[in-house]
Amino acid sequence: MAHKIPDVAALERACLTAVPAQRVAFDGSFVARSFLGGTGRANAASSLWPMDDPDLVERIARIEARYEAQGLPVRFRSTPLDPPGLGQILSARGYMTKDETIIFVVPAEDIARADADVSVLPTPDGDWMAVTATAEHQVPARRAEKERAVGMMMVPAAWLVLHEGGKPVACMSAVADGELAGFFDLAVVPEARRRGLSARITRAAGHWAQAQGARWIWAQVAASNQASCAAQQSLGMREAYRYVYYVRPQDKLLAVRFG
């Protein structure tokens, strides 16, 4: 049965649910969120609908001030839901773009497959954390956010670990939000890469998500990571949209400090 692909607004709301933040403030069409300065998704401002905004310049300044007051880098996450002119205004204020990311989607029924070697956990254990630590993007601030976010979830979530010979070799997390389930933190230990393990644990996560009522799976992958993009496409995932961050050069030292 063919399902209508979720629209950008639905996927953006699912992202906000799946990646909780400690502090949240709304300003016009924007939601500004901050945590520990780790992952961009929990430490950035983004628009939830593409409305014309005559007060956009003043709104941007207020959002900047909120992050500056917390000693955090200012990040705007630019999506197809931006108000007209956002990119031009940010560029004029000295912002630069970075970290283009693709949102991939696939029907859950297309990838779901149980796997006896995959443990599905209610919270991340030592094995999960150990495998995650092998991923290059896992800096201390992001690790701390992952640990604290466990108790902040308001929807079903799972942490999966794939074992081979009793050894943890791959991990990922999944968050189910109604008909949508987001996949995160996919990692395979270096010595076990390029053996199809990422596909196995992704399918197992799809099996869990489908049991929670999810009809669509979505995942975020850096556009520059050609290997990961190819892996998603090999599972039948297709691109829904892209987003990019706008950051200020003067915030580079803060970004290094917080990760």
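Residues numbered from 1 in each chain as written. Predicted model: local features only at pLDDT ≥ 70, side-chain atom pairs only at ≥ 80, totals over all residues. Heavy atoms only, no water.

Think of an α-helix as turning once every 3.6 residues; residues three or four places apart then point the same way. Taken together, the buried positions of helix H6 (residues 140–149) are Ala141, Glu145, Lys146 and Ala149. Angularly, the buried residues of H6 cover 140° about the axis, an arc narrow enough to put them on a single face. (Buried < 20%, exposed > 50% of the residue type's maximum accessible area, 1.4 Å probe, protein only. Helix = DSSP H or I, 4+ residues; strand = E, 2+ residues; numbered from the N terminus. Arc of directions from axis to C-beta.)

This part covers the nonpolar core. By size, the foremost hydrophobic cluster in this structure holds 68 residues, and its most contacted members are Leu160, Phe183, Ile217 and Trp218. At seven residues, the largest contribution of residues to this core is made by strand S8 (residues 167–177). Grouped together as the second largest cluster of nonpolar side chains are 15 residues, Ala45, Leu56, Ile60 and Ile63 included. (Core = buried A, V, L, I, M, F, W, Y, C linked by side-chain atoms within 4.5 Å.)

Turning our eyes to something else, we now look at the pattern of salt bridges. Under the counting rule described, the total for this entry stands at 17 salt bridges. Close ionic contact of aspartate 27 with arginine 66 constitutes a salt bridge, the shortest N to O distance being 3.3 Å. Linking aspartate 27 in strand S1 (residues 23–27) with arginine 66 in helix H2 (residues 56–69), this pair joins segments that are 39 residues apart in sequence. Under the relative-accessibility criterion, aspartate 27 is labelled buried at 7%. For aspartate 115, the salt bridge is made with arginine 200, and the minimal N-O distance between the two is 2.8 Å. Taken as a pair, aspartate 115 in the loop between helix H4 (108–111) and strand S6 (118–121) and arginine 200 in helix H7 (residues 197–211) lie far apart in primary sequence, 85 residues in all. Given a relative accessible area of 27%, arginine 200 falls into the partly exposed group. (Salt bridge = Lys/Arg side-chain N within 4 Å of Asp/Glu carboxyl O.)

A word on the packing of aromatic side chains. In the structure shown here, the tally under the stated rule is four aromatic pairs. Among the aromatic residues, those joined into a cluster by ring pairs are Phe30, Phe76 and Tyr95. The residue whose ring lies beneath arginine 77 is tyrosine 243, and the NZ or CZ to ring-centre distance is 4.6 Å. (Phe/Tyr/Trp six-rings, centres within 6.5 Å; stacked < 30°, edge-to-face > 60°. Lys NZ or Arg CZ within 6 Å of the ring centre and 35° of its normal.)

A word on the state of the cysteines. Following the criterion strictly, the structure yields zero disulfides and no others. Take cysteine 171: it sits in no disulfide, and the sulfur closest to it among the cysteines is that of cysteine 15, at 19 Å. With relative accessibility at 0%, the residue cysteine 171 sits in the buried group. Note on cysteine 229: no disulfide assigned, nearest cysteine sulfur contributed by cysteine 15 at a separation of 17 Å. (Disulfide = S-S within 2.5 Å.)

With that out of the way, let us pick up the environment of histidine 163. Here histidine 163 shows up in strand S7 (residues 157–164). Expressed as a C-alpha distance, the spacing of histidine 163 and proline 73, which sit 90 residues apart in the sequence, is 38 Å. In contact with histidine 163, not counting residues within four places along its chain, are Asp117, Ser119, Asp127, Pro168 and Val169. A distance of 3.3 Å separates the side chain of histidine 163 from the side chain of aspartate 127, its partner in a polar contact. (Contact = heavy atoms within 4.5 Å. Polar contact = N/O pair within 3.5 Å; in protein donor to acceptor, adjacent residues only side chain to side chain.)

Another point: the pairing of S8. With nine of 11 residues buried, S8 lies mostly within the body of the structure. Bridging between S7 and S8 involves eight bridges; their strand directions are antiparallel. Residue pairing for S8: histidine 163 is matched across the bridge by proline 168. Linking two consecutive strands that pair antiparallel, namely S7 and S8, is a turn of two residues; a positive phi of about 60° is found at glycine 165 within it. Two strands pair when backbone bridges link them, and S8 and strand S9 (residues 180–188) are joined in this way by seven bridges, in the antiparallel orientation. (Pairing = 2+ DSSP bridges.)

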